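So you can see what is in the structure, the chains are spelled out below.
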Amino acid sequence: MTSRGYLGQDIVVRFAPSPNGLLHLGHAYAACVAYDYARERGGKLLLRIEDIDAGRSKAEFVDSILADMRWLGLDWDGDVIFQSERLAKYAEAAENLKQKGLLYPCFCSRSDIRSVQKKEGLIKGPDGPIYSGTCRNLGSDEVATRVKTEPHNWRLDVGKAVRLTGDLSWHDERHGDQQADPAALGDVVLIPKDTSVSYHLAVTLDDARDGITHVVRGADLFASTHIHRLLQALLDLPVPRYVHHGILLDEIGLKLSKSRDSASLAVLREEGVDGHILANELRKNIFPVGITLTKD
Ligand code: GLU
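The following paragraphs examine the structure supplied in this document. Quantities reported herein were computed from a predicted structural model and do not represent experimental measurements.

1. Some thoughts on the site of the ligand
Stage number 1. Near the ligand, the surroundings consist of Arg14, Ala16, Pro17, Ser18, Glu50, Tyr199, Val203, Arg217 and Leu221.
Stage number 2. Ser18 has a polar side-chain atom sitting 3.0 Å from a nitrogen atom of the ligand.
Stage number 3. In this structure, an oxygen atom belonging to the ligand sits 2.8 Å away from a side-chain N or O atom of Tyr199.
Stage number 4. When the free accessible area of the ligand is taken as 300 Å², the share hidden by the protein chains comes to 78%.
Stage number 5. Across the shell around the ligand, the residue classes break down as 5 nonpolar, 1 polar and 3 charged.

2. Quick word on unusual backbone geometry
Stage number 1. Phi at Asp236 is positive, roughly 60°, even though this residue is not glycine.
Stage number 2. Counting through the fold element by element, Asp236 comes out in the loop between helix H8 (224–235) and strand S14 (241–245).
Stage number 3. Despite not being glycine, Asn285 shows a phi value in the positive range, around 60°.
Stage number 4. Secondary-structure assignment places Asn285 in the loop between helix H10 (275–283) and strand S16 (292–293).

3. Re the environment of Arg14
Stage number 1. Within the element layout of this structure, Arg14 appears in strand S3 (residues 12–15).
Stage number 2. With 196 residues separating them along the chain, Arg14 and Asp210 place their C-alpha atoms 8.8 Å apart.
Stage number 3. Each residue touching Arg14, except ones within four places of it in the same chain, is listed here: Ala34, Leu45, Leu46, Arg48, Val203, Asp207, Ile212, His214, Val215, Val216 and Arg217.
Stage number 4. In terms of polar contacts, Arg14 uses its side chain to reach the side chain of Asp207, at 2.9 Å.

4. Some points on the pattern of salt bridges
A side chain of one charge can pair with a side chain of the opposite charge if their charged atoms are brought near each other.
Stage number 1. For the coordinates displayed, the defined rule picks out 19 salt bridges.
Stage number 2. A salt bridge links Glu142 to Arg146; its shortest N-O distance comes to 2.8 Å. Residue Glu142 and its partner Arg146 are both found in helix H5 (residues 140–149); the two are separated by 4 residues, about one turn of the helix.
Stage number 3. Given the relative accessible area of 35%, Glu142 is considered partly exposed.
Stage number 4. The exposure class of Arg146 is partly exposed, given its relative accessible area of 22%.
Stage number 5. Residues participating in the shared-partner salt-bridge network are Arg14, Arg48, Glu50, Arg86, Asp206, Asp207 and Asp210.

How each quantity is defined
- Residues numbered from 1 in each chain as written.
- Predicted model: local features only at pLDDT ≥ 70, side-chain atom pairs only at ≥ 80, totals over all residues.
- Heavy atoms only, no water.
- Near = heavy atom within 4 Å.
- Polar contact = N/O pair within 3.5 Å; in protein donor to acceptor, adjacent residues only side chain to side chain.
- Areas by Shrake-Rupley, 256 points an atom, 1.4 Å probe, with all protein chains shown as cover.
- Nonpolar A, V, L, I, M, F, W, Y, C, P; charged D, E, K, R; others polar.
- Helix = DSSP H or I, 4+ residues; strand = E, 2+ residues; numbered from the N terminus.
- Contact = heavy atoms within 4.5 Å.
- Salt bridge = Lys/Arg side-chain N within 4 Å of Asp/Glu carboxyl O.
- Buried < 20%, exposed > 50% of the residue type's maximum accessible area, 1.4 Å probe, protein only.

Structural measurements only, silent on function.
Structure below.
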């Protein structure tokens, strides 16, 4: 079977959970979609643990992810990949972007950002309010002094980056050709002050490094792909194809979430639910009462 130019055996997909809590049904659904996408085309499924946030990632959650995958009957190819083992590579890429003058230090605290937003009004983006750019144009003397003494994030100057790369596009198998619109998310943080790399930078580098041909993931990450496409152009990385699928919502229409204590797979496992049967139900879009799937 081929998928727009990819021979079956060349297809490489990943499931990339973050071990900062127990996985829930939404993850099980995403894992099944990624697994089936790869296996139905004779491709590979990699399991990548996105544990860059050392403060929130826990070994017990990694163990639970592996147990969940086995319970659902989803095997993976090769060794489990850990982002925490790749921090030097992320730092190298961040340095490259810094050298190109594309990152700037941002000294704003959350409350600084909130008070600017109150004063100037919120600029809404698909993932929440957009950073207003307070620190984008600070003078070089001020930056040189403050950077030595004040905690700071490093943000991508998206406007400058886009002027460098020109127009970019990407393809989503469920949503068609997309014109990249990285400005929609504003100047995202690439090096957070409390962890060494952001999700956006790590995931973009890893998808290239792991040879991912098809990024199969939830539509809640659709907007992030605009930034990932920009980073691919800036760092000279290959562009995978994308498959953004629908996500599961709870009774009140909110995304299932670890932080809101959505029922975990670990609890279902312990209650003796059969994981293979559950996976097959998810594949047929049969969900527990109250759970719905968004359109892709
Ligand atoms: N680690 C991300 C999460 O758990 C998913 C990353 C991705 O699929 O790009 O939400």
